[in-house]
Structures are given as C-alpha cells and as structure tokens.
Protein chains: 2
Amino acid sequence: MADTEAKVFHIEILREFSTRVFVHLGVPKSDAMQAADVLASADLRGVDSHGVARLRSYFDMLSMGRINPQPTIELVSSTLSTATVDGDNGLGLVVGPQANRIAMDMAEKAGSGWVSVRNTNHFGIAAYYVLEALERDLIGWAMTNSTKMVAPLWGAERMLGTNPISIAFPGKEEPPIVIDIATCAVAYGKIEMARRKGESIPSGWGIDSAGLVTTDPDAVVAGGALLPLGSDRERGGHKGYALAIMVDMLSGVLSGANWGPFAPPFALRHEIPTRSVGKGIGHFFGAIRIDGFREVDSFKRQVDDYIRVFRATKPAPGTTGPLIPGDPERQAEQLRRERGVPLILPIVGDLRDISAKTGIPFD
Amino acid sequence: MADTEAKVFHIEILREFSTRVFVHLGVPKSDAMQAADVLASADLRGVDSHGVARLRSYFDMLSMGRINPQPTIELVSSTLSTATVDGDNGLGLVVGPQANRIAMDMAEKAGSGWVSVRNTNHFGIAAYYVLEALERDLIGWAMTNSTKMVAPLWGAERMLGTNPISIAFPGKEEPPIVIDIATCAVAYGKIEMARRKGESIPSGWGIDSAGLVTTDPDAVVAGGALLPLGSDRERGGHKGYALAIMVDMLSGVLSGANWGPFAPPFALRHEIPTRSVGKGIGHFFGAIRIDGFREVDSFKRQVDDYIRVFRATKPAPGTTGPLIPGDPERQAEQLRRERGVPLILPIVGDLRDISAKTGIPFD
C-alpha cells in the first residue's frame, strides 16, 4: 500500500527542518535545537513514531496555543537529591532535557538526583535522557506518563498511558545496555500498521470497546484499548498494569501533574479529558553516580562481562539467541546515519504541508 | 492429593518457632526476631512460597555454614544519598532490613537514599521493605537478584533470577498501593503446583530444555526455564527480560555481588554456579521523601483519588473490574490474622523435622 512506501532523508535535513519549524512557532533558537535533537535521536534509533512523525502534532499544538513556546521552567521544591519542576506548559522536548540536567547535576553533588516534573508535554523517546546520563558516567532513569491508551487488567476502557521506563548502564569496551520499554504489551503503532495492512493482530495486544480481547485492530482503535505488558491474568498482565501505575505515580501524582485517564493529549485528534487533577502531564528523571557505589572502571568491566555472558546464552531454536537491550536501536542508528532515515509517505505529506504553511523549505 | 491439604497455624506460633530456630542456629535474638518477622509478613500476605515454607532452606544453609549467622554488616562506600553495603554473607532477612534502614535514614537527611547490597542471601518478600518505608512517609523501592530460573527472550537456558521489583505509595483514607512483582511471567511455584496436580500449564510460562515453549510443567522443571514477563517477542517478552536485567544491574553489578547465572542458590537443591563474579547475591533499596516533592497530605489525597478512579473503571466482562496492586495481599492478611495461616502438609512435615532435629517444640 502507498503509505508503507518510504522516502529517505538525511538526518541533518530533518533536524534542520524541525529546528526551523519550532523557531517559526516562537520557540527560542537554542530550545528549538534541543527539541529537534530529541526528535532526531528517535529517527536515528528507529523509533519512527517518536521522531519527525510527531512534528505535525507539535506544530498543531503550538499553533493553537496549547503548548507554551517560551516557558519559564521553575524549581518548585527541592532537597539535596530531589526536586519538583514546573514546566510552564512548555514542549516536553525542552522541559525534559532541562529537568534531566537538574537530576544529573544533583547526582554529581549528592550521589543521586530525582526530579518529578509537572505541567509539561510529550518528551519524545525516554532513551534520549538516559543516554545523556551515560555521557557523565551516571546511571540515568526516565519515565513519563501520557494520554490514556491502555486498559488496567480486568478493565474495559483506556485509563493509563503507555508509560515507558528507560534506564541505561555503560560498558567499557562493549556498547551500553539501554533499556527503553513501554509498560503495555505492544506499541499503538503496531495496531495501526496491522490496520493499514488489513491484517489481524495477535491475541494479547488489545481489547474491543466491550472489554473483550480482540484480534481485530479496528476494534482496538474504535473505542478499545491496549493491554498492559503480560496481557492477561495468567501471563502476568497485573504486572504490566502495576508498572504503569508506578510510572504514573512518580511522574504524575508526585509532581502534581495530571494522571491516569486525565493526562492531556499530545495531539489534536485525541479528546481532552473531562476532568483536570493537576497540571499537564508528568515526567520522572533519576540519575545515580556509579562511583557512589563502586569504582567506575570496574563497574564498566563487569557490564562488558555481563553483555558477553548473555550474548553467549544457548539460543532458542529458530532464533539468533538473546539480544542485549539497546542492540536494535544502535544498529538502526548505524544504518540510518549512513543511509538516511526512511519516512513513510503520509509523514512526508505532513512535513510538506507544514512547509507550505510556514514557508520553510522541505525536500 | 495429600500435599494440597493444609493445616492451619496462628501466625504467632509460626513467628515464635522461626525465631527459636534461628537462635538455635546461632543467630542473635534480635536478628532472629527480625528474620522471623519478614517470614511472618509473607505468610500473612499469602505469599506462601516466601514464608516459613523457606525455613527449611535457611535451616539447611545455616546448619551447613553456607550462611553466616552473625554477620558484620558494613558500609563499603557512600555519598550523601547512596551507599554500598556488604552483608558479610548474613541472612538476607537480616541484611535486607538493615540496608533498607540505611536507605530510609539517608532519605530523611538528603531527600533520597539508595543502597546496593552485596554478599547477602535471599531477603524474603520485597514488599516487606517498602511497607517499612511507608511507616516513615517515604516511597520505598526494593529489588533483589536471585538464583537463575528464567531464560532471556530467545534464550534456551536459565540465566536470570525472578528478580522482583517492589514499590509502594501511601493513601490517606485508602490503603496504600503496594506493588511487588517478579519480572517473569509466572512464579515457579505455579509450575510446581501444576506438576503436583498433573495439569498442563498455559503457553507462555516456560520452555523445555531445548528452548521450546512447553505446556508440560515437568519439562520446565527438568532443565527448562521460566519465561520473562511478556512471554514471547510478539507480546513484549523482551520487556520482562530487560526489567530483569535492570534489577540484576542495580542489585548485583552495582554492589559487586554475583549476577545473572552466577547468583548463588538459596537452597541446597540448587546447583552451585561454576563461576563466581562477586560476593553472594545482591539487593537494591531506595527511599524518597514525599515532602521533597510535594506536601505529604496532598499527595496522599491524590493517591486516594487515584485508587477510587481506578476502582470505578468499567469492568471487563466476566471480571469484578481492576484491582489495586496490594489488594489481594491485604485481603489475605486480614483473613489470616483472624483465621490463621494454612500450611500444606509437606511444609508442616519440614517444620516437624526441624523441630525433631532442634528440640524446639512445634505443633
């Protein structure tokens, strides 16, 4: 089908275009570059749903005044190793990196730093933040809540976001272990892809509007919901649900943001919740100093050993054996830096439309 | 079958017996009481596999000198908000609570406290530690690595423990949200139970010794492995695998304990790993002060609201609607405090055997 065809762009073309679009919408240059960098990171790492594919939503939300292009990001409260940050309804792509820096700076002084953020918006890929921490020999954590998409186990409606958890550990000779996982069974994008292709989805991905497990992607989209990681009670669906609550508590409730079904949408096509229980959505960042626990070099050498031991696991039949978290994204990045980023035609169409509306050349 | 019959004991009988057994084995009285308290907490909360059912293993390991009854628990390194603790090969039931107190004390001074522990042993239920934190208006985290039981996704052998994650959030009028989840699809105990009953297990719980998904519990026990949360690639098995690595890194690698397939066993029936990469197993405790982020009372009222909103979720057909994490354990505790703790006959037999060997009366 037409929309699975792709056109390939050099990452710097996409970065430049995003930056100029943000500036056009009133975002200060340095913030625009920061925001574009988070998007570029997603496009490079193969997380297509979180890169320039989202520029359309940011464009819409900024154009309509639903996101503040020039936020005054404030520290609301703090201790030696914790803080609450108010993002003043700025782009999550700008608020997130700043809050993450606060966590990292605290870690360098106090051993660890933990920042809960309210009044913010979609922050891109969670892995971006933990990769920043690696640059400073810190173990970084990033979480965020988001618009409702996922049913609690035994629920028949959307109540939780896909609420990702990211954390990374540096190796010495080996590349880092980079974990970045949503707490639902599968990404919403996979439901949409099956729908476009007219294929059914596996049992365990989603429910229909009545709350019954379905293999029809249309039923998930039309009033259904994603299922939490673990899918059903028998296979641990209560665990994915619990992890989604954990992320929501740390990101949303602890900071004073909205939580659960009240998290505001990141795109115009989503409905606005009927109730507000806080400000914007919430993020949670953590950073811990490795040398607060053990000598950095010996830690990294153990991580190398760990990676090698796990790569040497006896493979399950029909597989290449276990991957290390972060492998697929790193491979995507190597390939895309060389050969460019493929964008499906509907996304190219969105970007051309933004180009037409702003006068910023594209393509 | 005989071993699904149960005999009921008052919790104080079990607590007293455990305490006296630990003392008999050379554990100082206050440590013995502490250890028995962790076991009693599991028995009350319905986590039968982690209560006095484990006393036999602790008895064996202490009797054979594989656990140190009188450890000198030491702070190896620290910053304002982080520390590494060496448990001197003591009971995890003693080392864990002490390390957790260090984390909580640090949190009260520095806003948060994070303690990675090496040279320790099985610490009981993870929820015990985060419930302690709730008493001090802290959000507590507890993790531990453990003997290999779980295959990495696409692996055909045991490489990881069941590596649980626990965290709790206090309500004001509502009971707390208490999350305590293993990062595998199902507890090993459920495989054993199916085996005793001669029943098959659902697809997604485990693999056989060739690495193929099996519904035969004997095949999992005989050289097979549990599967990570998510079970297979399609349903997010790479996510459960990644979470197990996260726990292993924070508990094992960061502290200098053994990790992955090298984590030593907690019972004589498990093989001793061929390689040692650190000391004992590892735990990880965290504590954060709620009032470092927002006023405690307003946080608790939001948690109440959260719980009520989630309880009001439209139920999936054939269910009572979503539970709140911690509900089943709290209900078990209410029931068991009133009516006693049911123990299956093989466990009663183990305790009688310990009684015969030690002269400590039981029953």
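Residues numbered from 1 in each chain as written. Chains lettered and ligands numbered in written order. Predicted model: local features only at pLDDT ≥ 70, side-chain atom pairs only at ≥ 80, totals over all residues.

All right, on to the overall build of chain A then. Summing up its helical and strand segments, chain A has 11 helices and 12 strands in all. For 363 residues, the compact-globule estimate of 2.2 N^0.38 gives 21 Å, and the C-alpha radius of gyration of chain A, at 20 Å, lies within 12% of that figure. C-alpha extents for chain A along the principal axes are approximately 50 × 50 × 45 Å. A total of 363 residues make up chain A; the buried ones form 58% of that total. Long-range contacts, defined here as pairs at least 24 residues apart, represent 62% of the contacts in chain A between residues at least 6 apart. (Helix = DSSP H or I, 4+ residues; strand = E, 2+ residues; numbered from the N terminus. Rg over C-alpha atoms; globule rule 2.2 N^0.38 Å. Buried ≥ 20, exposed ≤ 12 C-beta atoms within 10 Å, placed from the backbone. Contact = placed C-beta atoms within 7 Å.)

Moving on, we come to the domain arrangement of chain A. Split by domain assignment, chain A resolves into domain 1 (1-70 + 327-363), domain 2 (72-181 + 236-312) and domain 3 (186-226). Of note, the centres of domain 1 of chain A and domain 3 of chain A, computed from C-alpha atoms alone, are 27 Å apart. (Domains from an automatic or database assignment.)

Residue and element names in this part refer to chain A. Within the fold, V27 resides in the loop between α1 (11-24) and α2 (29-44). The class for V27 is buried, based on 27 C-beta atoms found within 10 Å. Between the C-alpha atom of V27 and that of N68, which follows or precedes it by 41 residues, the distance is 8.6 Å. Here V27 is in contact with F22, A32, A35, P69 and L91, once residues within four sequence places are set aside.

Right, let's talk about the sheet that holds strand β9 (residues 213-214) of chain B for a bit. Residues and elements named next belong to chain B. Taking strand neighbours across the sheet as the criterion, the 3 strands line up as β9-β8-β10 in an open arrangement whose pairing is antiparallel. In this open sheet, the two strands that pair with only one neighbour each are β9 and β10 (225-226). Where strand β8 (residues 206-207) lies against β10, 2 bridges are found, and the strand directions are antiparallel. For I207, the partnering residue across the bridge sits in β10 and is A225. (Pairing = 2+ DSSP bridges.)

This next bit is on the interface of chain A and chain B. The partner chain B presents 70 residues to the 70 residues of chain A that form the contact. With 7 residues, the single largest contributor to the side of chain A that touches chain B is helix α9 (residues 296-311) of chain A. When the residues that make up the side of chain A that touches chain B are grouped by side-chain class, the tally is 40 nonpolar, 22 polar and 8 charged. (Nonpolar A, V, L, I, M, F, W, Y, C, P; charged D, E, K, R; others polar.)

A separate point is the sheet that holds strand β10 (residues 225-226) of chain A. Sheet architecture is open: 3 strands sit in the order β9-β8-β10 (chain A), paired in antiparallel fashion. Edge positions in the sheet fall to β9 (213-214) and β10 of chain A, since each has one partner strand and no second.

It is worth spelling out the relation of the copies chain A and chain B at this point. Mapping chain A onto chain B leaves a residual RMSD of 0.0 Å; the transformation is a rotation of 180 degrees accompanied by 0.0 Å of translation along its axis. The two molecules are tied by a two-fold rotation axis, judged by turn and shift. The position closest to the rotation axis in chain A is occupied by the C-alpha of G230 of chain A, lying 2.3 Å away. Looking at chain A, 100% of its interface residues are interface residues in chain B too, so the copies touch through the same face. (Least-squares fit on C-alpha atoms with pLDDT ≥ 70 in both.)

Here we come to the packing of helix α2 (residues 29-44) of chain B against helix α4 (residues 92-110) of chain B. Residue and element names in this part refer to chain B. In the contact formed by α2 and α4, the axes pass within 8 Å of each other and the chain directions differ by 90 degrees. With respect to α4, the axis of α2 lies roughly perpendicular. Across from D31, Q34, A35, V38 and L39 in α2, the residues of α4 making contact are L93, V94 and P97. Looking at side-chain class alone, the contact of α2 with α4 contains 6 nonpolar, 1 polar and 1 charged residues. (Axes fitted to C-alpha atoms, helices over the stretch in contact; angles between N-to-C directions. Parallel < 35°, antiparallel > 145°, perpendicular 65-115°, else oblique.)

Moving on, we come to unusual backbone geometry. Phi at D88 of chain A is positive, roughly 55 degrees, even though this residue is not glycine. For D88 of chain A, a count of 17 C-beta atoms within 10 Å corresponds to the partly exposed category. Its identity as a non-glycine residue notwithstanding, N89 of chain B has a phi of 55 degrees, on the positive side. In this structure, N89 of chain B sits in the loop between β3 (82-86) and α4.

Attention now moves to the pairing of strand β2 (residues 74-78) of chain B. All names here are of chain B. Where β2 and β3 come together, 4 bridges link them in antiparallel fashion. Considered in β3, the bridge of S78 is made with A83. Once β2 ends, the chain turns through 3 residues before running back antiparallel as β3.

Residues L226 of chain A together with L226 of chain B are the most contacted members of the largest nonpolar core, which totals 238 residues. Setting aside residues no more than four positions away along its own chain, L226 of chain A makes contact with M149, V150, C184, A185, V186, Y188, W205, G206 and V220 of chain A. (Core = buried A, V, L, I, M, F, W, Y, C linked by C-beta atoms within 7 Å.)

Next up on the list: the packing of helix α3 (residues 55-63) of chain A against helix α11 (residues 345-358) of chain A. Residue and element names in this part refer to chain A. Viewed as axis vectors pointing N to C, α3 and α11 meet at an angle of 35 degrees, and their least axial separation amounts to 9 Å. Touching L55, R56 and F59 of α3 are D350, L351 and I354, all from α11. Residue composition of the contact of α3 with α11, by class: 4 nonpolar, no polar and 2 charged.

What follows is about helix α8 (residues 237-253) of chain B. In an α-helix there are 3.6 residues to a turn, and that puts residues three or four apart on one side. For α8 of chain B, spanning 17 residues, the distance from its first C-alpha to its last is 23 Å, which sits close to the expected 24 Å at 1.5 Å a residue. Judged by how many residues are buried, α8 of chain B sits mostly within the fold: 17 of 17 residues are covered. (Expected span 1.5 Å × (residues − 1).)

What follows deals with the confidence of the model for chain A. A residue-level look at chain A finds 99% of positions with pLDDT of 70 or above and a mean pLDDT of 96. Model confidence for the complex: the whole-complex pTM is 0.98, and ipTM, which rates the interface, is 0.97. (pLDDT = per-residue confidence, 0-100.)

We now examine the environment of E135 of chain A. Residues and elements named next belong to chain A. Examined against the element boundaries, E135 turns out to sit in the loop between α5 (127-134) and β5 (138-144). Taking the C-beta count within 10 Å as the criterion, E135 has 10 such neighbours and is therefore assigned exposed. In the structure, E135 is positioned 35 residues away from P170 in sequence and 9.0 Å away in space, judged by C-alpha atoms.

Okay, the environment of L250 of chain B next. All names here are of chain B. Counting through the fold element by element, L250 comes out in helix α8. In this structure, the C-alpha to C-alpha distance between L250 and M106, residues 144 residues apart in sequence, is 18 Å. Residues within four places of L250 in sequence aside, it is in contact with S116, M143 and F284.

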